[in-house]
Amino acid sequence: MSFSIADLFSQHNSEKFELHENYLNNQMVRVLKTIGYDRNYTKAQGQYLYDQDNTEYLDCLSGFGVFAVGRNHPTVVKALQETLTLELPNLVQMDVSVLSGLLAKKLIETTPDNLQKMFFCNSGTEAVEAAIKFARYTTKREKIVFCDHGYHGLTMGSLSLVGDDIFREGFGPLLPECHPVPFNDLSALEAALKNSDVAAFIVEPIQGKGVNIPDDNYLPEVERLCKKYGTLFVADEVQTGIGRTGKFWAIDHWNVKPDMICMAKALSGGFVPVGGVAMTDHIMETVFNRMDRAVVHGSTFSKNNMAMAAGLATLQVMEDEKLVENCAKVGEEIIQQVNALSSKYEFLKEARGKGLMIAIEFHAPKSLTLKAAWATLEAANKGLFCQMITIPLFKDHHLLTQVAGHGMNIVKLLPPLNLTSKDRDWIINSFDQAIADTHQIPGSIWSLGKNLASHALKSKKGS
Ligand SMILES: Cc1ncc(COP(=O)(O)O)c(C=O)c1O
């Protein structure tokens, strides 16, 4: 019998929700159906998704940031096809591979000059786990300091550094000696470091949950304080890295030199899971200090040829298509044009971000009718107002977006970096109309709001 993925896809795509209800996480299906995101996508190309009716959607989520070069980019596809057909030796293990050597070299060319070595793994959370272990071993210290509202992944070590209770609750005890400090607060950081007993301070240069941008002196001072107290400065660039913020690394906005950079997501080209840590020679040589410790940290699939080929092809596309520059330009235009709408709309607080990592934040309005409607939604579930933006954006304007985190009224844009000016206009016009509709009370959008509030209240009672 011939085996064909194309046949499996076409024969069963319409059963996907049922399959997930029966064999995977049923709650995800419930969420999708509740907010009307339950589509049968059949094709994806660049920044667009297509459903069975060939309706085009602009993907402003890009798989949580993995599709920086767009979906199914031909250069990445070709690199992967070649890698498959060449019958290369792969994962020999008692060997070193050329593709991982080449990718490490390319990446190190992009990082600050104090970073000379790469470690590869399979995901963002694994990169963070590696950084925790490397920091402890290098400094011979136990404590790790991280930021409130930070996000670093969901395995036990990285989860211990996540500032959001919903992810942690019930999974403890987590890693000991992990201490939170407020983001963008230098005195709290100095107080946490001043006993010179902290192995690492791990921080996202721009926080993903909420798109929080630090003051301009924050990261330079973080670097200074970490040096002063012998703490390693770890930049978690899993989301912000590889061009996302309009510079190749977000730390380049502030010209700082961390001791380690964690990376993942976009490096995959959207195809093959990959993660990595760039570090100083000193860290590499301390952790891997003897032949009998050559495999003291690692993972079976890391450095596999497909992941390395995807990484190399992704970096080539970024360069060929000048995606970092495009991201900076289009991102800036979106932020400016959304901010220009704020004089028209009371609910709209601001757009902020760097490059194509953008938050569009809403807040309580001043006028009485709008204020009362806002309060009803907030009482049912904090952050619910945002769903009245994201749902019509998707349903009526075919824009796939997400809320920026639990309990916040922030819509986040994390699209592929190849957005065109037509896509930019699509985004601006869609937000303009979706926000305008929320100012019509009563109106169809507020019927949706009522519905969402009653769902939220029911689910609160059920929990
Ligand atoms: C800053 C940051 N660190 C780590 C992670 C975890 O990466 P992964 O989901 O690949 O484990 C994420 C994922 O969103 C992230 O945004």
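Residues numbered from 1 in each chain as written. Predicted model: local features only at pLDDT ≥ 70, side-chain atom pairs only at ≥ 80, totals over all residues. Heavy atoms only, no water.

Focus: the overall build of the protein chain
Stated precisely, the cut-off is as follows: Note on conventions: DSSP H or I runs of at least 4 residues are helices, E runs of at least 2 residues are strands, and numbering of each starts at the N terminus. Restricting the calculation to C-alpha atoms gives the radius of gyration, and the globule rule supplies 2.2 Å times the number of residues raised to the power 0.38. Each residue is assigned to one of three classes by its accessible area relative to the maximum for its type, calculated with a 1.4 Å probe on protein chains only: buried under 20%, partly exposed between the two thresholds, exposed over 50%. Contact definition: two residues touch when any of their heavy atoms are within 4.5 Å. The accessible surface values rely on the Shrake-Rupley method and a 1.4 Å probe; as for residues, cover is taken only from the protein chains in view.
Secondary structure summary: the protein chain contains 18 helices and 15 strands in total. Its C-alpha atoms give the protein chain a radius of gyration of 23 Å, near enough to 23 Å, the size a compact globule of 463 residues would have. Over its C-alpha atoms, taken along the principal directions, the protein chain stretches across nearly 70 × 65 × 45 Å. Every one of the 463 residues in the protein chain was classed for burial, and the buried ones make up 52%. Across the protein chain, contacts joining residues at least 24 apart in sequence account for 72% of those joining residues at least 6 apart. When the accessible area of the protein chain is evaluated, it comes to approximately 21,500 Å², of which 55% is carbon and sulfur surface.

What to know about the sheet that holds strand 6 (residues 178-181)
Quick reminder of the rule: A pair of strands counts as paired when DSSP detects no fewer than two bridges linking them. Geometry is summarised by axes, namely lines fitted to C-alpha atoms with helices restricted to the contacting stretch, and by angles between N-to-C directions that run from 0 to 180 degrees.
In spatial order, the strands read 4-10-9-8-7-5-6; together these 7 strands make up an open sheet with mixed pairing. Of all the strands in the sheet, the pair left with one neighbour each is strand 4 (117-121) and strand 6. Neighbour-to-neighbour, the strand axes of the sheet open up by a mean angle of 20 degrees, direction not taken into account. Where strand 4 and strand 10 (residues 275-279) come together, 5 bridges link them in antiparallel fashion. Paired with phenylalanine 119 across the bridge in strand 10 is valine 277. Across the sheet, helix 7 (residues 124-139) lies against strand 4, strand 5 (143-147), strand 7 (198-203), strand 8 (232-236), strand 9 (260-263) and strand 10, angled at about 160 degrees from strand 9, the strand it touches most.

Some details on the packing of aromatic side chains
For the record, the criterion: Between the rings of Phe, Tyr and Trp (Trp by its six-membered ring), a pair exists once the centres lie within 6.5 Å; its type follows the angle of the planes, with under 30 degrees stacked, over 60 edge-to-face, and the other angles tilted.
Going through the model one piece at a time under the given rule, you end up with 14 aromatic pairs. Where phenylalanine 248 meets tryptophan 249, the ring centres are 5.2 Å apart and the plane angle is 75 degrees; that geometry is what we call edge-to-face. Tryptophan 249 matches phenylalanine 248 in its accessibility class, with the two residues each being buried. With a centroid separation of 5.3 Å and 50 degrees between ring planes, the pair formed by phenylalanine 362 and phenylalanine 385 is classed as tilted. Of the two residues, phenylalanine 362 is situated in strand 12 (residues 357-362) and phenylalanine 385 in the loop between helix 15 (368-380) and helix 16 (387-395); the sequence distance between them amounts to 23 residues.

Topic: empty space enclosed by the protein
Going by this rule: The distinction between a cavity and a pocket rests on a 1 Å grid over the protein atoms alone: a 1.4 Å probe fits inside a cavity but cannot get out, while a pocket stays open yet meets protein on both sides within 12 Å along at least five of seven lines, and a residue with an atom within 4 Å of a point counts as lining. Grid points are joined across faces, edges and corners, and a volume is the space filled by probe spheres set on the points. For this classification, Asp, Glu, Lys and Arg are treated as charged, while Ala, Val, Leu, Ile, Met, Phe, Trp, Tyr, Cys and Pro are nonpolar and the rest, including Gly, are polar.
Inspection of every chain in the model, using the stated rule, returns 1 cavity of 30 Å³ or more. Of the volumes computed, that of the largest cavity is approximately 40 Å³. Along the walls of the largest cavity sit Gly65, Ala68, Val238, Gln239, Gly241, Ile242, Arg244, Lys265, Ala266 and Leu417, which together make up its complete lining. Counted by class, the lining of the largest cavity contains 5 nonpolar, 3 polar and 2 charged residues.

Side note on the pairing of strand 12
The buried fraction of strand 12 is high, at 6 of 6 residues. Residues Met357, Ala359 and Glu361 point to one face of strand 12 and Ile358, Ile360 and Phe362 to the other, with burial holding for every one of them. Judged from the 6 bridges that link them, strand 11 (residues 348-354) and strand 12 form a sheet pairing that is antiparallel. Looking at the pairing, leucine 348 lines up with phenylalanine 362 of strand 12. Hairpin remark: strand 11 followed by strand 12, antiparallel, with 2 residues in the connecting loop; positive phi at glycine 355, about 55 degrees. Note: strand 12 against strand 15 (residues 410-413), 4 bridges, orientation antiparallel. Pairing of isoleucine 358 across the sheet is with leucine 413, part of strand 15.

Section: the site of the ligand
For clarity, the cut-off: Consider each residue's heavy atoms; a residue with any of them within 4 Å of a molecule or strand counts as near. We call two N or O atoms a polar contact when they sit within 3.5 Å, provided that within protein one can donate a hydrogen and the other can accept it, with sequence-adjacent residues counted only if both atoms are side-chain atoms.
In the neighbourhood of the ligand, the contacting residues comprise Ser123, Gly124, Thr125, Tyr151, His152, Gly153, Glu204, Asp236, Val238, Gln239 and Lys265. For the ligand, a nitrogen atom lies 3.5 Å from a polar atom in the backbone of tyrosine 151. In the environment of the ligand, an oxygen atom lies 2.9 Å from a nitrogen or oxygen atom belonging to the side chain of lysine 265. When the free accessible area of the ligand is taken as 390 Å², the share hidden by the protein chains comes to 81%. For the shell around the ligand, the per-class residue count stands at 2 nonpolar, 6 polar and 3 charged.

A closer look at the pattern of salt bridges
Stated precisely, the cut-off is as follows: One side-chain nitrogen of Lys or Arg within 4 Å of one carboxyl oxygen of Asp or Glu is enough to make a salt bridge.
As enumerated under the stated definition, the model contains 20 salt bridges in all. As a salt-bridge pair, lysine 33 and glutamate 21 come within 3.4 Å of each other at their nearest N and O atoms. Within this pair, whereas lysine 33 is found in helix 3 (residues 26-34), its partner glutamate 21 is found in helix 2 (residues 16-23), the two being separated by 12 residues in sequence. On the accessibility criterion, glutamate 21 (33% relative accessible area) is partly exposed. With a shortest N-O distance of 3.2 Å, glutamate 319 and lysine 106 are connected by a salt bridge. Of this pair, glutamate 319 sits in helix 13 (residues 305-320) while lysine 106 sits in helix 6 (residues 98-110), and the two are 213 residues apart along the sequence. With a relative accessible area of 26%, lysine 106 lands in the partly exposed category.

Here's the deal with the packing of helix 5 (residues 74-85) against helix 13
Going by this rule: Note that the term roughly parallel is reserved for angles under 35 degrees, roughly antiparallel for angles over 145, roughly perpendicular for angles of 65 to 115, and oblique for everything else. By the definition used in this description, the sense in which the near helix is turned from the far one sets the handedness, with an anticlockwise turn below a right angle giving left-handed and a clockwise turn giving right-handed.
Relative orientation of the contacting elements helix 5 and helix 13 amounts to 150 degrees, with a least axis distance of 9 Å. It follows that helix 5 is roughly antiparallel to helix 13 by the angle criterion. Crossing angle aside, the handedness with which helix 5 passes helix 13 is right-handed. Here helix 5 contributes Thr75, Val76, Ala79, Leu80, Thr83 and Leu84 to the contact with helix 13, which in turn contributes Asn305, Met306, Ala309, Ala310, Ala313, Thr314 and Val317. When grouped by side-chain class, the residues that make up the contact of helix 5 with helix 13 number 9 nonpolar, 4 polar and no charged.

Nothing here speaks to function; it is geometry throughout.
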